[in-house]
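Topology and contacts: notes
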Amino acid sequence: MANQITAVIFDLDDTLIDWSGQEIHGAAIGQRHLRQVYAYLTAQGHALPDEEDFLDCFGEVLVRLWQQAKLTWAGVSLAQVITQTLQESGLDVAQMDMDTLLRVYNWQPVPGVRPYPDAIPTLETLREQGYKLGLVTNAMQPMWMRDVELETYGLLPYLDARVTSGDTGYMKPHPAIYQRILDMLEVEPAQAVFVGDRPENDIAGANAAGLTSVLIRPPHRNYELNGSQPDYTIGQLSELLPILEKLETGRLGD
Ligand SMILES: [Mg+2]
């Protein structure tokens, strides 16, 4: 019997967009944005520590909160990280408007990161075939920030529903973040395919939540499966199309 797949849900980083050419790495990615927050707060008359100490504090808070969150797959938000950094820097957070600070942070695409060449053609085909398309990313940024990237890359118009772990309060593989996107797309788990590059997050979570899982293996990533068994494995996004066709027609294994 054919499965009724009506939605395809994607991870973002190293699934739809290719980080292999990133020109900024690690803590430096956030620091170039945090410097703008530092300059803003200084201009507002707040007494801040030395700029490099402030940036170091942010980096330490980020690692600490992310490590804590991973124990329960809770989702850390950028607002939490900034709030904690300001508190540990001796500032009165109650006087700050977080929405303003997040706008000043001014998240932008990371130089050298670009969409995979077959991302837009694949999404376009899936759209034409009538699939609902979603995105779930383990990212501390609110979705509106990552939408800035999606818009730059031309991916935004194709993705009907999108969530980050920072917004949701849970990260993959926690089932709650899968349920969130399924609710937004108004589909059942058995009607959805999930595509992602990290076995322990994307695939383990999709399997546990009852979605059909597809592991994508970009050439610059070589994650161990560690017991997470994907239903399908692909090397590039366009390979999804024949898999969906087989799932739809029930001719799998032919
Ligand atoms: Mg990824």
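Conventions and cut-offs
- Residues numbered from 1 in each chain as written.
- Predicted model: local features only at pLDDT ≥ 70, side-chain atom pairs only at ≥ 80, totals over all residues.
- Heavy atoms only, no water.
- Buried < 20%, exposed > 50% of the residue type's maximum accessible area, 1.4 Å probe, protein only.
- Helix = DSSP H or I, 4+ residues; strand = E, 2+ residues; numbered from the N terminus.
- Pairing = 2+ DSSP bridges.
- Right-handed = clockwise from strand over helix to strand, strands pointing away.
- Donors = N, O, S within 2.8 Å, 3.2 Å for Na, K, Ca; no water.
- Domains from an automatic or database assignment.
- Contact = heavy atoms within 4.5 Å.
- Buried area = accessible area lost by both parts, 1.4 Å probe.
- Salt bridge = Lys/Arg side-chain N within 4 Å of Asp/Glu carboxyl O.
- Polar contact = N/O pair within 3.5 Å; in protein donor to acceptor, adjacent residues only side chain to side chain.
- Nonpolar A, V, L, I, M, F, W, Y, C, P; charged D, E, K, R; others polar.

**Concerning the pairing of strand β7 (residues 212-216)**
In terms of burial, β7 is largely enclosed, as five of its five residues are buried. Taking every second residue as pointing to the same face, both faces of β7 are buried, with Thr212, Val214 and Ile216 on one and Ser213 and Leu215 on the other. Sheet topology note: the strand β6 (residues 192-196)/β7 ladder contains four bridges and is parallel. Within β7, the residue paired with Phe194 across the bridge is Ser213. In this view, the connection linking β6 to its parallel neighbour β7 by way of helix α9 (residues 199-209) has right-handed handedness. Where β7 lies against strand β8 (residues 232-234), three bridges are found, and the strand directions are parallel. Bridge pairing in β8 places Val214 opposite Tyr232.

**Description of the coordination of the magnesium ion**
Geometrically, a metal with four donors at the corners of a regular tetrahedron has ideal angles of 109.5 degrees, and one with six donors at the corners of a regular octahedron has ideal angles of 90 or 180 degrees. Protein ligation of the magnesium ion involves Asp11 (OD), Asp13 (O) and Asp197 (OD), the donor distances falling in the range 2.1 to 2.2 Å. Ordering the donors of the magnesium ion by residue number gives the pattern D-x1-D-x183-D.

**With respect to the domain arrangement of the chain**
You'll often see interface size given as the accessible area lost when the parts meet. According to the domain assignment, the chain consists of domain 1 (7-21 + 114-249) and domain 2 (27-105). Here the C-alpha centroids of domain 1 and domain 2 sit 29 Å apart. Contact with domain 1, which involves 16 residues of that partner, is made by 17 residues of domain 2. Carbon and sulfur atoms supply 78% of the area buried between domain 1 and domain 2, which totals about 1,200 Å² over both sides. Area buried by domain 1 at its contact with domain 2 is led by Met140, Met145 and Met171, which between them contribute 52% of it. Here domain 1 and domain 2 share zero salt bridges between them. Taken together, the connections running from domain 1 to domain 2 amount to three residue pairs in polar contact (both at pLDDT 80 or more). Elements that contribute at least two residues to the side of domain 1 that touches domain 2 include exactly α6 (143-153) and α7 (165-168). Split by residue class, the side of domain 1 that touches domain 2 holds eight nonpolar, seven polar and one charged.

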